[in-house]
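Coordinates in review
Single-letter residue listing:
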Amino acid sequence: MGLSNLKSKFMTRNDCYTAGRKIVPKGIMVHSTATPGVMAADWFSRWNKSYKAGEINRQVCVHAFLDDKEVWQYLPWNHRGWHTGGDANNTHIGFEICEPGGFSYSGGSTMVGYDVKKNEAYFRAAWKNAVELCVYLCKLYSLTEKDILSHAEGNKKGIASNHSDVGHWFPKHGESMDTFRAAVKKALESKDSPNVEEDFNAGDIVEIKAPATRYYPGGPTIPNWVKGAYHLITQTEFNGKSVIKGGKACVLLGKKISKEKWDDSPGIMTWVDKDLLAIISKGVEAEPEPKGDQKYYRVQVGAFSKKENAEALMARLKQSGFDAYMKYD
Ligand SMILES: [Zn+2]
């Protein structure tokens, strides 16, 4: 299960995306946009552009933007981002907190006309989303609050460029990176914090790690085109049992998802050793739905452009005992 308000859409036109370099996330860097009033969803069209093609004047991309309502993931978490102007790009997942409107900047990082009282509700909601995103990423990559830095702190450590975010903003609301880390620590220790399953789920999008040669020990050889695409996990079990092949627990990879266009087409439909897979996106959207005093989680397993593909998956879900239904957007 992921964050209830996390959505993914990758900036496939951005040169950072097409550069396609990978990282093993060792930390998280917190930024804020210094662009008053531009919200998380708005950054997609602003930054899903190619510098090489002259469409944008900056070579920049971050993993996610968030505001008081939404969290938008724009790069796979294990993709090397261009957000720090320093070595932290090789190690850190970067996200931007969008700043509210109604003020301006002077002298680089001085907020002019920033109404603390008016912006308090926005700040608290965005702060909460930032804490929850950090908790989610810490669980996903076995990190702790100590692995979280702001851009300005990264600069002091010599791994990021000379920016002042978020130290120019948080103190206006009585907060700092230390109180932010304390909030993440508290949430990580809380029993109520959302559980990020390290295991794979149907609906997750994965890729096969570069060194892999066979789908599982003694199994078929993996063709190159398979490694050139992402894949949707279609099933994690068969008849209620985990599937072991060549001594390894496997999941079924179904639809192929193009890295370039992020669209889907029929895929390999092959069981693959879980140890060979890296998560690209926890594609499952789940939201608690109050019904009486019981909570339900509704799970979306993939989005499809072709109706027959959706129907085929639905048939399989029903076979596996799920109460499946289809929804059109
Ligand atoms: Zn920054």
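Residues numbered from 1 in each chain as written. Predicted model: local features only at pLDDT ≥ 70, side-chain atom pairs only at ≥ 80, totals over all residues. Heavy atoms only, no water.

**A look at the coordination of the zinc ion**
Ideal geometry at a metal centre: 109.5 degrees between donors when four sit tetrahedrally, and 90 or 180 degrees when six sit octahedrally. Looking at the zinc ion, one finds its protein donor set to be His 31 (ND1), His 151 (ND1) and Asp 165 (OD), positioned 2.1 to 2.2 Å from the metal centre. Considered as a linear motif, the donors of the zinc ion on their single chain read H-x119-H-x13-D. Here His 151 is found in helix α4 (residues 151-156), whereas its partner Asp 165 is found in the loop between α4 and α5 (177-189), with 14 residues between them in sequence. You'll find His 151 and Asp 165 in the same group, each marked buried. (Donors = N, O, S within 2.8 Å, 3.2 Å for Na, K, Ca; no water. Helix = DSSP H or I, 4+ residues; strand = E, 2+ residues; numbered from the N terminus. Buried < 20%, exposed > 50% of the residue type's maximum accessible area, 1.4 Å probe, protein only.)

**Focus on the confidence of the model for the protein**
Counting all residues, the mean pLDDT for the protein is 86, and 83% of those residues have values of 70 or more. Across residues 284-296 the pLDDT falls below 50, and counting only partners more than four positions away or on other chains, this stretch makes 25 contacts in the model. (pLDDT = per-residue confidence, 0-100. Contact = heavy atoms within 4.5 Å.)

**Comments concerning the sheet that holds strand β8 (residues 148-150)**
The strand order across the open sheet formed by 6 strands is β1-β4-β3-β5-β2-β8, and the pairing between neighbours is mixed. A strand with exactly one partner marks an edge of an open sheet, and here the two such strands are β1 (6-8) and β8. Taken over all neighbouring pairs, the strand axes of this sheet differ in orientation by 25° on average, direction set aside. Summarising the sheet, strand β2 (residues 27-32) and strand β5 (residues 92-97) pair through 6 bridges and their orientation is parallel. Within β5, the residue paired with Ser 32 across the bridge is Ile 97. In the packing of helix α3 (residues 116-141) onto the sheet, the strands contacted are β1, β2, β3 (64-66), β4 (71-73), β5 and β8, and the crossing angle to β5 comes to about 165°. In this fold α5 packs onto β2 and β8, with an angle of close to 155° to the strand it touches most, β8. (Pairing = 2+ DSSP bridges. Axes fitted to C-alpha atoms, helices over the stretch in contact; angles between N-to-C directions.)

**Notes on the pairing of β5**
In terms of burial, β5 is a largely internal element, 6 of the 6 residues being buried. Residues His 92, Gly 94 and Glu 96 point to one face of β5 and Ile 93, Phe 95 and Ile 97 to the other, with burial holding for every one of them. Sheet topology note: the β3/β5 ladder contains 3 bridges and is parallel. Directly across from Ala 64, in β5, lies its bridge partner Phe 95.

**Here's the deal with α3**
Over its 26 residues, α3 extends 35 Å from the first C-alpha to the last, a length consistent with the 38 Å expected when each residue adds 1.5 Å. Taking the largest bend as the criterion, α3 deviates by roughly 30°, centred on Tyr 122. Its side-chain oxygen placed 3.2 Å from the backbone nitrogen of Lys 117, Asp 115 serves as the N-cap of α3. One or two steps after α3, the chain reaches Ser 142, where phi turns positive at roughly 50°. (Expected span 1.5 Å × (residues − 1). Bend = angle between axes of the 7 residues up to and from the residue. Polar contact = N/O pair within 3.5 Å; in protein donor to acceptor, adjacent residues only side chain to side chain.)

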